[in-house]
Amino acid sequence: MACILSANPMRAVEVTRMPGMSNEPVPRRENLLISGFRFNWSTLLLIFAINTGIALVLWIDDMRPFWHPLLTVQLYGFSIAYCVNIAAPWDHETPLRRLVIASAVGSLIGVVLVIVFKGYALDYVRERLAFFMYNVFVAFGNGLLISLIFYVKRREARAVAALHKAEAERHLLSKQAIEAELKLMQAQVEPHFLFNTLASVQYLTETDPHRANLLLGHLIGYLRAALPQLRAHSSTLEREMSLAEAYLNILKMRIGPRLTFAIDLPEALRNHPFPPNLLISLVENAIKHGVEPSADGGSVKLAAAHENDSVVVTVTDTGGGVAPGNRNSSQGVGLTNIRERLAALYGARGRFTLEPAAPRGMRATLSLPFEATVTA
């Protein structure tokens, strides 16, 4: 026979195997008398303190030494607590009935212990039976009230724990849903962008083979950076910047001198974790709704910096800014999806802002928690 403790610290199970039965263990409750002694030390000290407070109140009208009411109250109190611990009302559908029965039984055990520990003779007990029964009744009332308080506190703690667990599960499901949406977006790999680039390569092959070779090299660099991330759950700033640089090189050959760009990535932040495809989404947004619609084009600057406890990444363009028809949130990338993804990944510590830049254009800013363990 072996004894295995269960997840509930108030209970344990015994494993027995009967002749002729399978080898699967059959759980059985441990001896209830033993389970009643399983107390949390903080709860034990709290019960002792409450009992001592009641003893001090009773001592006001008691001419005997303080140890008399103290011993009486402690015996009653811990007897009731012991019986309530055995009854475990928090694990059953009829908690109040179990509390009442446990308090009553504990009070009767308590009076017996008082008689034994104080050495009262049976004749003395018979003469003062009414007094002892009154003490039992008072102990029952106090014990039931205090047990109810403990029960309510325990139920509230369980409710709060269940609420936190449900919130954590909801947060996890939200994160998984957003990540699944991201996977779908990654799998598309901008088919229009690829088709347009391949068409440009085909055209340049006939008109300017040298430029066609350069454009094809940039496309290979873009695919080399983008394809491994289709199944990736995380990336780094260096990889995301490389993907954005390859994308901008391709567009620069297609758009020509109307597009310029610059990248500023400190060495210390190159290996810092960064969500896949967030940066390229902002770069695409800057091109499609900023630089391309502008008659004279514009520039795009990517920068990363460590500010306080955050990593701040900005994408600034000198395109059309917030002129009518520009930056329609329903076009290009879903900026709302970016905010939702940041909230799912980082909570309140992940922020995204989009604001006008001086003298013209827009600035998109991503703020993520800085991870101090990252080394260059």
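The structure under discussion appears in the preceding block.
In this text the structure is predicted, and so the values were computed from the model without any measurement.

Secondary structure assignment for the protein chain yields 11 helices and 10 strands. Across the 376 residues in the protein chain, those meeting the buried criterion constitute 39%. Considering only intrachain contacts with a sequence separation of at least 6, the fraction spanning at least 24 residues in the protein chain is 68%. Counting every atom, the protein chain has about 21900 Å² of accessible surface; 63% of that belongs to carbon and sulfur.

Turning next to the sheet that holds strand β5 (residues 259–264). Ordered by their spatial adjacency, five strands build an open sheet running β5-β7-β8-β10-β9, and the pairing between neighbours is mixed. With one partner strand each, in any of the chains shown, β5 and β9 (351–356) form the two edges of the open sheet. Across the sheet, the mean angle from the axis of one strand to that of its neighbour is 15°, orientation sign disregarded. Examined bridge by bridge, strand β8 (residues 310–317) and strand β10 (residues 362–369) share eight bridges and lie antiparallel to one another. Its bridge partner lying in β10, Val313 is registered against Leu366. Sheet contacts for helix α9 (residues 237–255): β5, β7 (298–307) and β8; angle to β5, the most-contacted strand, approximately 165°. Contacts from helix α10 (residues 278–291) reach β5, β7, β8, β9 and β10, with the element oriented near 20° to β8.

A word on the pattern of salt bridges. The full count for this structure, using the stated rule, is five salt bridges. With its nearest N and O atoms 3.6 Å apart, the salt bridge here joins Arg270 to Glu238. Placement of the pair is Arg270 in the loop between β5 and β6 (273–274) and Glu238 in helix α9, with a sequence separation of 32 residues. In this structure Glu238 comes out as partly exposed when scored by relative accessible area, which is 31%. Between Glu267 and Arg270 there is a salt bridge, with its nearest N and O atoms 2.9 Å apart.

Next up on the list: the layout of surface pockets. The computed volume of the largest pocket comes to approximately 1100 Å³. Along the wall of the largest pocket there are 45 residues; nearest its centre are Asn51, Val73, Tyr76, Gly77 and Ile80. At the level of elements, α2 (41–59), α3 (67–87), α4 (95–118) and α6 (129–188) are the ones that each hand at least two residues to the lining of the largest pocket. Here the lining of the largest pocket takes 14 residues from α6, the largest share from any one element.

On to the nonpolar core, then. Core analysis: the largest hydrophobic core is formed by 42 residues, its most contacted members being Leu302, Val313 and Leu366. Per-element accounting of this core gives the leading share, 11 residues, to α9. If near-sequence neighbours (up to four positions away) are discounted, Leu302 is found in contact with Met241, Ala244, Leu248, Ala262, Ile263, Asp264, Leu279, Val283, Thr314 and Val315. Listed in part, the 12 residues of the second largest apolar core include Ile80, Val84, Ala102 and Leu144.

Tallied over the full model, the rule gives five aromatic pairs. Stacked on the ring of Phe131, the Lys or Arg Arg128 has its end atom at 4.5 Å from the ring centre.

On to α9. The first and last C-alpha atoms of α9 sit 26 Å apart over 19 residues, in line with the 27 Å expected at 1.5 Å per residue. Following α9 by one or two positions, Gly256 has its phi on the positive side, about 85°.

A separate point is the packing of α2 against α3. Orientation of α2 relative to α3, taken along the N-to-C sense of each, is 140°, at an axis distance of 8 Å. With respect to each other, α2 and α3 are oriented oblique. The two elements α2 and α3 cross, and the hand of that crossing is right-handed. Of α3, the residues touching α2 (which contributes Leu44, Ile47, Phe48, Asn51, Thr52, Ile54, Ala55, Leu58 and Trp59) are Pro69, Leu70, Val73, Gln74, Gly77, Phe78 and Ala81.

Two faces make up the sheet, and in a regular strand the side chains alternate between them. Of all eight residues in β10, seven are buried, a share of seventy percent or more. Of the pairings in the sheet, the one linking β9 to β10 comprises six bridges and is antiparallel in character. Within the sheet, the bridge partner assigned to Pro356 lies in β10 and is Met362. The antiparallel pairing of β9 with β10 creates a hairpin that spans five residues between the two strands, and Gly361 there sits at a positive phi of about 100°.

Between two packed helices, what matters for the description is the angle formed by their axes and the separation of those axes. At a minimum axis separation of 7 Å, α3 and α4 run at an interaxial angle of 145°. The element α3 and its partner α4 pack so that their crossing is right-handed. Tallied by class, the residues present in the contact of α3 with α4 amount to 15 nonpolar, seven polar and two charged.

Quick look at a nonpolar patch on the surface now. A cluster of nonpolar side chains, namely Ile101, Val105 and Ile109, defines an oily patch on the protein surface of about 230 Å² accessible area. In this structure, Ile109 sits in helix α4. Under the relative-accessibility criterion, Ile109 is labelled partly exposed at 35%.

What counts as what
- Residues numbered from 1 in each chain as written.
- Predicted model: local features only at pLDDT ≥ 70, side-chain atom pairs only at ≥ 80, totals over all residues.
- Heavy atoms only, no water.
- Helix = DSSP H or I, 4+ residues; strand = E, 2+ residues; numbered from the N terminus.
- Buried < 20%, exposed > 50% of the residue type's maximum accessible area, 1.4 Å probe, protein only.
- Contact = heavy atoms within 4.5 Å.
- Areas by Shrake-Rupley, 256 points an atom, 1.4 Å probe, with all protein chains shown as cover.
- Pairing = 2+ DSSP bridges.
- Axes fitted to C-alpha atoms, helices over the stretch in contact; angles between N-to-C directions.
- Salt bridge = Lys/Arg side-chain N within 4 Å of Asp/Glu carboxyl O.
- 1 Å grid on protein atoms, 1.4 Å probe; cavity = no way out; pocket = protein on both sides within 12 Å on 5 of 7 lines; lining within 4 Å.
- Points joined across faces, edges and corners; volume = space filled by probe spheres on them.
- Core = buried A, V, L, I, M, F, W, Y, C linked by side-chain atoms within 4.5 Å.
- Phe/Tyr/Trp six-rings, centres within 6.5 Å; stacked < 30°, edge-to-face > 60°.
- Lys NZ or Arg CZ within 6 Å of the ring centre and 35° of its normal.
- Expected span 1.5 Å × (residues − 1).
- Parallel < 35°, antiparallel > 145°, perpendicular 65-115°, else oblique.
- Left-handed = near helix turned anticlockwise from the far one by under 90°.
- Nonpolar A, V, L, I, M, F, W, Y, C, P; charged D, E, K, R; others polar.
- Patch = residues over 30% accessible without salt bridge, like charges linked within 9 Å, V, L, I, M, F, W, Y side chains within 5 Å.

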